[in-house]
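Structure assessment
Given next are the chains, with one letter for each unit.
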Amino acid sequence: MEYQFSDKMVNMKPSAIREIFKSLGTPGAISFAAGNPAPESFPVSDMARIGADIFANQAVQALQYSVTEGYPRLREQVRKRLLDKFGIGTENDDLIIVTGGQQGIELSCKVLCNEGDTVIAENPSFIGALNAFRSLGARIQGVELKDDGMDTEALEKCLRENPDTKMIYVIPTFQNPAGSTTSLQTRKEIYRLASKYDVIILEDNPYGELRFAGEDIPTIKKLDTDGRVLYCGSFSKVLSAGMRIGFLLGPKELIQKIVVAKQVEDVHTNIYFQMLCSRYMDECDMDAHVEEIRALYRKKCGWMLECLDKYMPSCVKYTRPEGGLFLWCTLPETIELTDFVMAAKDQLVFVVPGTAFNCDESAPSRSFRLNYSMPSMEEIEKGIRILGELVRTMM
Ligand SMILES: Cc1ncc(COP(=O)(O)O)c(C=O)c1O
C-alpha cells in the first residue's frame, strides 16, 4: 500500500543524532555524538532499593492511573527545589510534571501556537524542540546565538518583522548544542523585548544545576514580573534520563491549559517513576549526588579541553563551557563540514554536524557538537587526537 502522510509529518526526518546512534554498535567506535548523561551518574543502588520497596509496599498506587498534574508530593518537592536553587515560583505560578522536558516544550508550543505562527529560537538550537515546533506547524525563525546569548538586535528585528510571533524559545544556561551561557544583561534584554512585543518566553533549563565553573546567573523566570515566562526543567541530566520526568513552572492559567493538552497526550507521566523520583529526593541526598555529577563533568570537560588545546590546530575554534554536556567546535572556512564529519565517521569517531541544529535545516554550518559526558577519559584523548589529525590532513 502507498501511505499518505499528514502535511505536518510528511517533511519530518528522523533526528540526525538518533541516526548516528545506529552506527555506534561498531567495536572501537568513539562517540562524541550523544547527549546522554554519563552512565556512572545514575544512583543505581538507591534506585534499586527504593524501587523494590515501592513494589513491596505501594504497588497498587504505582500500578494505578493517577492525576495529570503529577504526583502531589513530587510537585511539592520540585517547587521547593526551584525556589531553593533558583528563587523561582510565585503564588501566581503552578507546576505540572511532564514526560521529560521534551513533552514540556511540545505542550507549551501546542497550547500557544496556531499552525503558521512564529516561534523564535536561538540558532543553533536543541533539535528535539525544533522538531516539536515543526511537527505542530509553527514557523521557526532563528536568531543568531552569540557567545553571551541571542543577538538581541537581531531578535528585535525578528519580532518587528514577525508580528505573529507567539513564543521565544531559549536555553540560556549551558546551551545545547553550543555549550554557551546567556549573560544577565542579555537575559534582561530578551525579557524586555518579550514584554515590548507581548510574547511568551519558554525558558528551557535542563542543565541549570550542572555548573562546574563560574558564577550562577539568575534565570529569565526570576526576572518575570508579568507572567510571561514558562520554565521547563528535567530530571534527565541529574537523576535519570530513562525515567522521563520533567516539569513546567509557569502562570496558573497557562499550566491549566497545558494540563488539558497533556491529558490528551498521555494522561499522566509514569507514576511509578514519579514515586521513585520523589522518594529518592526524600530519602537520599540529592544535592550531594548533583555535586558528584558536577565534579565528574568538570573533570571530563577539562580533559576534553586539554586534549583540544594539545591536538587541535589553532584554526579550529571551540567554546569553553562552564557546565552542561557539550562544547561546540568551528572549522576553518577551507574545510567542508560534511566531508569532515564523514571522514571522522570512517575513522570511527562520531560527532554531530552543526547543520542538524540549524533552525533552517538547509542552511550551511561550519560547526560540530562534541559531548564529553559519555566517552571515557581514554576515548576522549584518542578521539580528539584523531579529529586533530584529520583537520591537519584536510587543511
Ligand atoms: C536543551 C534541552 N532541552 C530539553 C531536553 C529534553 O530532555 P528530557 O526530555 O530528557 O527531559 C534536552 C535533552 O537533551 C535538551 O538538551
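Residues numbered from 1 in each chain as written. Predicted model: local features only at pLDDT ≥ 70, side-chain atom pairs only at ≥ 80, totals over all residues. Heavy atoms only, no water.

Attention shifts here to the overall build of the protein. The helix and strand tally for the protein stands at 14 helices and 14 strands. Against the compact-globule benchmark of 21 Å for 395 residues, the protein has a radius of gyration of 21 Å, which places it among compact chains. By residue count, 55% of the 395 residues in the protein fall in the buried class. The contacts of the protein with a sequence gap of at least 6 include a subset with a gap of at least 24, amounting to 77%. When the accessible surface of the protein is summed, it comes to about 17500 Å², and 51% of that surface belongs to carbon and sulfur atoms. Each charge class in the protein can be summarised by its mean position, and for the 45 positive and 55 negative side chains these summaries are 1 Å apart. (Helix = DSSP H or I, 4+ residues; strand = E, 2+ residues; numbered from the N terminus. Rg over C-alpha atoms; globule rule 2.2 N^0.38 Å. Buried < 20%, exposed > 50% of the residue type's maximum accessible area, 1.4 Å probe, protein only. Contact = heavy atoms within 4.5 Å. Areas by Shrake-Rupley, 256 points an atom, 1.4 Å probe, with all protein chains shown as cover. Lys, Arg positive; Asp, Glu negative; His and termini not counted. Charge placed at Lys NZ, Arg CZ, Asp CG, Glu CD.)

Glancing now at the pattern of salt bridges. Going through the model one piece at a time under the given rule, you end up with 30 salt bridges. In this structure, the salt-bridge partner of K300 is E40, at a minimum N-O distance of 3.7 Å. Of this pair, K300 sits in helix α12 (residues 286-311) while E40 sits in the loop between β1 (30-31) and α3 (44-57), placing them 260 residues apart in sequence. When its relative accessible area of 48% is taken as the criterion, E40 is described as partly exposed. (Salt bridge = Lys/Arg side-chain N within 4 Å of Asp/Glu carboxyl O.)

The strand order β2-β9-β8-β7-β6-β3-β4-β5 describes an open sheet built from eight strands, whose pairing is mixed. Edge positions in the sheet fall to β2 (93-98) and β5 (149-150), since each of these pairs with one other strand and no more. Across the face of the sheet, helix α5 (residues 72-86) comes into contact with β2, β8 (229-234) and β9 (246-251) while running at roughly 120° to β2. (Pairing = 2+ DSSP bridges. Axes fitted to C-alpha atoms, helices over the stretch in contact; angles between N-to-C directions.)

Taken together, four strands build an open sheet; the order of strands is β10-β11-β14-β13 and the sheet is antiparallel. Each of the sheet's edge strands pairs with one partner strand only, and the pair in question is β10 (317-318) and β13 (352-353). In this structure, β10 lies alongside strand β11 (residues 326-330), joined through two bridges in antiparallel fashion. In the sheet register, Y318 faces β11, and the bridge partner there is C329.

Right, let's get into the pairing of strand β3 (residues 118-123). Burial of β3 is extensive: five of the six residues sit out of reach of the surface. Where β3 meets strand β4 (residues 139-146), six bridges bridge the pair, whose relative direction is parallel. Residue E122 lies in a different strand from β4, and its bridge partner there is V143. Between the parallel elements β3 and β4, the chain passes through helix α7 (residues 127-135) in a crossover that is right-handed. Note: β3 against strand β6 (residues 165-170), four bridges, orientation parallel. Bridge pairing links I120 to I168 in β6. (Right-handed = clockwise from strand over helix to strand, strands pointing away.)

Moving on: the domain arrangement of the protein. Interfaces are often described in size by the accessible area the parts lose on coming together. Along its sequence, the protein is carved into domain 1 (7-43 + 288-394) and domain 2 (45-283). A C-alpha centroid distance of 24 Å is found between domain 1 and domain 2. Counting residues at the interface gives 34 residues for domain 1, matched by 38 residues for domain 2. When residues of domain 1 are sorted by the area they lose upon contact with domain 2, P43, E322 and C359 head the list and together hold 25% of the total. Applying the counting criterion to the domain 1 and domain 2 interface returns two salt bridges. The salt bridge partner of E361 is R134, with a shortest N-O separation of 3.7 Å. Sorting the residues of the side of domain 1 that touches domain 2 by element identifies α1 (7-10), α12 and β11 as the ones contributing at least two each. (Domains from an automatic or database assignment. Buried area = accessible area lost by both parts, 1.4 Å probe.)

On to the site of the ligand, then. Close to the ligand lie 14 residues, the nearest being G101, D204, Y207, S234 and S236. One nitrogen or oxygen atom from the side chain of D204 is found 2.5 Å from a nitrogen atom belonging to the ligand. A distance of 2.9 Å is found between an oxygen atom of the ligand and a side-chain nitrogen or oxygen belonging to K237. Across the complex, the protein chains shield 91% of the 400 Å² of accessible surface that the ligand would expose by itself. A breakdown of the residues in the shell around the ligand according to their chemical character gives five nonpolar, six polar and three charged. (Near = heavy atom within 4 Å. Polar contact = N/O pair within 3.5 Å; in protein donor to acceptor, adjacent residues only side chain to side chain. Nonpolar A, V, L, I, M, F, W, Y, C, P; charged D, E, K, R; others polar.)

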